[in-house]
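# Architecture at a glance
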Amino acid sequence: KTGNSAFIWFICRSLLALFMLTLLVLPIWGQESKSITVVSYPARPPKLPLWLALEEGLFTKYGLTVVLKELRSSKELLEALGRREGDIYAATASHIVSVIGDGADLAFFANTGYSVLKLLSRPDITRAEGLKGKKVGTGESGSSQDRITRQALLRLGLNPDRDVTLVPIGGRSIERLKALLEGRIDATTSNEDNLYELERRGGLGKVRVLADNESLRLFIGAGVDFAASRQLLARDREGVKSFLKALCEAIALAKKDRGRADRVYSRHLGIKDAGLLDFMYRTYVQGAIPTRPYFKTEPVALGLEEFGAKAGLTGKKVENLVDTTLLNELEKEGFFQRLYGSSKH
């Protein structure tokens, strides 16, 4: 009997311990992940970290359920911004600055790269000074492309209104490149993607690269800029920080494993050509996409120049629209050192 009593007491204690453990664990098992809606437009190569983080389950790893709404036009984006459809927006900065001017309470907190820019000229023009008196292709007056062209010329020491003749050519940058090749203009800015196509056709010798983003320190237009509602930042700062962790880990993963990057570009941008995939990896993953996605101030400055007359931007400066504290915290916490080890990135 004594043995039976001891056995029964042992069983009771075990069941009690299991019951208490269940009470502790069930809330954790039942805890739902935080849901964040990301509104995104357009599909650009620097958007790779967002796509990769979704496909590799990195948002889930950090306790988030991310719903990605990919839009088809800038009109749809502006409408979505106006209706406040997202918690986070992944778009070109100027569009976001515009809706902040209309009353949206958003703050930029990250950038995962920009579309690589080249200033091209005829082959016989070897220096910036050689552009004086020449025709330079640009966008329509007052457009973002026109401002980018003017900034490029100013940084080369040229006055865009006196030293050159600006020729507005609407449409995409490929149209301006075509005008350059046909001799209708002497220089223009172009995305590097167009140069790949030109090289593939054996026509790279028909133009000269006078400058690029890095030499000009010009990172405006066609970027992938992330902004969050300040309400979300106040209500769930840790959630936004977790979103940022997933983005950063996706960047590190792409830089370490090209195969994953190639699959993302094939799936989201429809790229199948091996040469173009190699170009995209070198240009964006190893180049334009930063290991630490700190926001670049130039895109916001351009937006303020364009839309500064709007009521919501009165008295606002770049620093009023940007929040760098989340990335600063990750840096201090050693997050990037854990991602990349002791090597400097």
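Attention here is on the structure that accompanies the text. As the structure is a prediction and not an experimental result, all values here were calculated from the model.

## Remarks on the pattern of salt bridges
Overall, the coordinates contain 27 salt bridges when judged by the stated rule. For Asp-236, the salt bridge identified is with Lys-34, shortest N-O distance 3.2 Å. Here Lys-34 lies in strand β1 (residues 34-40) and Asp-236 lies in the loop between α10 (230-235) and α11 (237-256), a separation of 202 residues in the sequence. Asp-212 is the salt-bridge partner of Lys-118, the closest N and O atoms lying 3.5 Å from each other. Of the two residues, Lys-118 sits in strand β5 (residues 117-121) while Asp-212 sits in strand β9 (residues 208-212), which places them 94 residues apart along the sequence. What emerges from the salt-bridge pattern is a single network uniting Arg-237, Lys-241, Glu-329 and Glu-333.

## Remarks on the sheet that holds strand β4 (residues 106-114)
Spatially, the five strands line up as an open sheet ordered β2-β1-β3-β10-β4, and their pairing is mixed. Edge strands, defined here as strands with exactly one partner in the open sheet, are β2 (64-70) and β4. Pairs of neighbouring strands in the sheet enclose a mean axial angle of 20°, with direction left out of account. Note: β1 against β2, seven bridges, orientation parallel. Pairing of Ser-40 across the sheet is with Glu-70, part of β2. Packing of helix α4 (residues 74-82) onto the sheet brings it into contact with β1, β3 (88-91) and β4, and relative to β3 it is tilted by some 160°. Lying over the sheet, helix α5 (residues 93-101) contacts β3, β4 and β10 (223-229), oriented at roughly 170° with respect to β4.

How each quantity is defined
- Residues numbered from 1 in each chain as written.
- Predicted model: local features only at pLDDT ≥ 70, side-chain atom pairs only at ≥ 80, totals over all residues.
- Heavy atoms only, no water.
- Salt bridge = Lys/Arg side-chain N within 4 Å of Asp/Glu carboxyl O.
- Helix = DSSP H or I, 4+ residues; strand = E, 2+ residues; numbered from the N terminus.
- Pairing = 2+ DSSP bridges.
- Axes fitted to C-alpha atoms, helices over the stretch in contact; angles between N-to-C directions.
- Contact = heavy atoms within 4.5 Å.

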